[in-house]
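Spelled out from the first residue to the last, the chains are:
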Amino acid sequence: MMIEIPKILLETLRDAKAVAVLTGAGISAESGIPTFRDAQTGLWARYSPEDLATPQAFHRNPRMVWEWYQWRRQLVLEATPNAGHLALAAMADRFESFRLITQNVDGLHQRAGSKDVLELHGNLFRNLCFREGIELGPSLDSPEIPPRCPHCGGPIRPGVIWFGENVSESLYEESLEACRRADVLLVIGTSGLVHPAAGLPAKAKQAGAFVVEINPEPTPLNTLVDLSLRDKSGSVLAWILENLS
Ligand code: OAD
């Protein structure tokens, strides 16, 4: 059973020229990828992401952090995009302008067919030199753990944004612009706690967008949004896509 979706949503979407979407870990939950604030599973249950996803953690114990990311990469490789990712990819063609902004690093939006995804927090499968920040490409030819940069010999890190690091200014500006231009913003599966992404719904609202949240749980965005759909994003988005035309 799915919640009943108010008619105003379809009416507003049918009139919309520009749509923006902000996703968080919740959209990938139905693909079996644990959200950030869910307990870590298995081997890694006794660590919190805040202890592993920082430059300091990598500096202290690069091997442990690298192995955690390898585990996460494997988890994502074994997962497939779900109905929510697929519906968003299919929705893009229905609007004059459609921008998808994600805080996720799993690449599942792209695997579902979404184009030009604004990956605010980077991507799990990118590799960077920890010393110099140079992008090194997806396949690495180094037996060490973590692998070594072919240019400077420094350790290689995953290309994600860690706690204490800044999101790319240009990606943030582009995301902000998409939110400001949007007639409708869909905020999907994010706890709305991590800035600057968490501030984007308010920017869209201030600029006049109709803001819709899709999340089975209440979040701090509750008071700001025009419509809250308290259900899983996979079924809600599939329903919207089917009923839009
Ligand atoms: P969180 O783990 O904080 O929140 C996930 C949200 O998804 C929660 O509000 C859940 O209620 C919701 N949720 C769970 N299952 C869902 C489903 N089936 N459909 C829809 N929603 C569902 O994840 P984020 O908000 O993405 O940053 O976290 C933001 C950032 O915090 C992450 O990108 C990460 C972390 O620190 C960095 O790594 C920089």
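Calculation criteria
Residue numbers here run from 1 along each chain, matching the order of that chain's written sequence. Predicted model: local features are reported for residues with pLDDT of at least 70 only, side-chain atom pairs are reported and counted for 80 or more only, and whole-chain, interface and lining totals are derived from all residues. Excluding hydrogens and water, the side-chain figures rest on all heavy atoms present in the structure. Criterion used throughout: strands pair if DSSP finds at least two bridges between them. Secondary structure is summarised from DSSP: a helix means a run of H or I of at least four residues, a strand means a run of E of at least two, and numbering begins at the N terminus for each. For this analysis, residues touch if any pair of their heavy atoms sits within 4.5 Å. All axes here are fitted lines through C-alpha atoms, helices being fitted over the stretch that makes contact, and every angle between N-to-C directions spans 0 to 180 degrees. When a residue's accessible area, from a 1.4 Å probe over protein chains only, is under 20% of the maximum for its type it is buried; when over 50% it is exposed; and in between it is partly exposed. Being near a molecule or strand, for a residue, comes down to having at least one heavy atom within 4 Å of it. Distance and chemistry together define a polar contact, namely a pair of N or O atoms within 3.5 Å, with one atom able to donate a hydrogen and the other to accept it when in protein, and with adjacent residues in sequence counting only for side-chain atoms on both sides. The protein chains shown are the only cover counted for residues, whose accessible areas, like all others here, come from Shrake-Rupley with a 1.4 Å probe. Only protein atoms enter the 1 Å grid used here. Points where a 1.4 Å probe fits but cannot escape make up a cavity, open sets with protein on both sides within 12 Å along at least five of seven lines make up a pocket, and a residue lines them when an atom lies within 4 Å of a point. Put plainly, a molecule is in a cavity or pocket when over half of its atoms are within 2 Å of the grid points there. Note on residue categories: nonpolar means Ala, Val, Leu, Ile, Met, Phe, Trp, Tyr, Cys or Pro, charged means Asp, Glu, Lys or Arg, and polar means any other residue, Gly included. Residue ranges for the domains originate in an automatic or database domain assignment. Here the angle decides the label: under 35 degrees means roughly parallel, over 145 means roughly antiparallel, 65 to 115 means roughly perpendicular, and every other value means oblique. Should the near helix be turned anticlockwise from the far one by less than a right angle, the crossing is termed left-handed; should it be turned clockwise, right-handed. We call a crossover right-handed when, viewed with both strands directed away from the observer, the connection leading from the first strand over the helix to the second proceeds clockwise.

Trainee: Help me get a handle on the sheet that holds strand 2 (residues 97-102), residues and values and all.
Mentor: In space, the six strands of this open sheet follow the order 3-2-1-6-7-8, with parallel pairing throughout. Of all the strands in the sheet, just strand 3 (118-119) and strand 8 (227-229) have a single pairing partner and so form its edges. Where strand 6 (residues 184-188) lies against strand 7 (residues 210-214), five bridges are found, and the strand directions are parallel. When the bridges of strand 7 are listed, Leu185 appears paired with Val211. Packing of helix 6 (residues 83-91) onto the sheet brings it into contact with strand 1 (18-23), strand 2 and strand 6, and relative to strand 2 it is tilted by some 150 degrees. Set on the sheet, helix 10 (residues 233-244) makes contact with strand 6, strand 7 and strand 8; between it and strand 7 the angle comes to about 135 degrees.

Trainee: Talk me through the pairing of strand 1; I want residue IDs and the actual numbers.
Mentor: Counting buried residues along strand 1, six of its six residues qualify, which places the element largely inside the surrounding structure. Residue alternation in strand 1 divides its side chains into two sets, Ala18, Ala20 and Leu22 and Val19, Val21 and Thr23, and both sets are buried. Relative to strand 2, strand 1 is paired through six bridges, and the arrangement is parallel. Paired with Leu22 across the bridge in strand 2 is Ile101. Relative to strand 6, strand 1 runs parallel, the two being bridged by five bridges. Each residue of the ladder has a partner; that of Thr23, found in strand 6, is Ile188.

Trainee: Hey, could you go over the site of the ligand for me, with residue numbers and the actual values?
Mentor: Lining the immediate environment of the ligand, one finds 21 residues, of which Ala25, Arg37, Thr190, Ser191 and Asn215 sit closest. Contact distances for the ligand include 3.5 Å between an oxygen atom and a backbone N or O atom of Gly26. Separating an oxygen atom of the ligand from a backbone N or O atom of Gln103 is a distance of 3.1 Å. Contact with the protein chains removes 91% of the 790 Å² of surface that the ligand exposes when unbound. According to the grid-proximity analysis, the pocket containing the ligand is the largest pocket. Grouping the constituent residues of the shell around the ligand by class yields seven nonpolar, ten polar and four charged. Summarising the domain contributions, the shell around the ligand has at least three residues from each of domain 1 (1-32 + 81-121 + 167-245) and domain 2 (34-78 + 123-160).

Trainee: Can you tell me about the packing of helix 1 (residues 7-15) against helix 10, naming the residues and giving the values?
Mentor: Across the interface, helix 1 lies against helix 10 with an axial gap of 11 Å and an inter-helix angle of 60 degrees. It follows from the interaxial angle that helix 1 and helix 10 lie oblique. In this structure, helix 1 crosses over helix 10, and the sense of that crossing is right-handed. Contacts from Leu9, Leu10, Leu13 and Arg14 of helix 1 reach helix 10 at Trp239, Ile240, Asn243 and Leu244. A class-by-class count of the residues in the contact of helix 1 with helix 10 yields six nonpolar, one polar and one charged.

Trainee: Give me the lowdown on the pairing of strand 6, citing residues and values where you can.
Mentor: Most of strand 6 sits inside the fold, with five of its five residues counted as buried. Here strand 6 shows a buried face lined by Val184, Leu186 and Ile188 and a second buried face lined by Leu185 and Val187. As for the winding sense of the linkage, the β-α-β connection from strand 6 through helix 9 (residues 200-206) to strand 7 is right-handed.

Trainee: Explain the packing of helix 6 against helix 10 to me, using residue names and the numbers behind them.
Mentor: The geometry of helix 6 relative to helix 10 is characterised by a closest axis approach of 7 Å and an angle of 30 degrees between their N-to-C directions. As the angle between them shows, helix 6 and helix 10 are arranged roughly parallel. In the packing of helix 6 onto helix 10, the handedness of the crossing is left-handed. For the pair formed by helix 6 and helix 10, the contact residues are Ala83, Gly84, Ala87, Leu88, Ala90 and Met91 on the first element and Ser233, Gly234, Leu237, Ala238, Ile240, Leu241 and Leu244 on the second. Split by residue class, the contact of helix 6 with helix 10 holds ten nonpolar, three polar and no charged.

Trainee: I'd like to hear about unusual backbone geometry, residue by residue, with values.
Mentor: Backbone phi values are negative for most residues with the exception of glycine, while trans is the configuration of most peptide bonds. Of note, the bond from Ile145 into Pro146 is cis; its omega dihedral lies within 30 degrees of zero at -10 degrees. Here Pro146 shows up in the loop between strand 4 (122-129) and strand 5 (156-160). A cis amide bond links His195 to the next residue, Pro196, at an omega of 10 degrees. In this fold, Pro196 is placed in the loop between strand 6 and helix 9. Here the phi dihedral of Asp116 falls at roughly 50 degrees; this positive angle occurs in a residue that is not glycine. In this fold, Asp116 is placed in the loop between helix 7 (108-111) and strand 3. Asp116 sits in the exposed class, given a relative accessible area of 61%.

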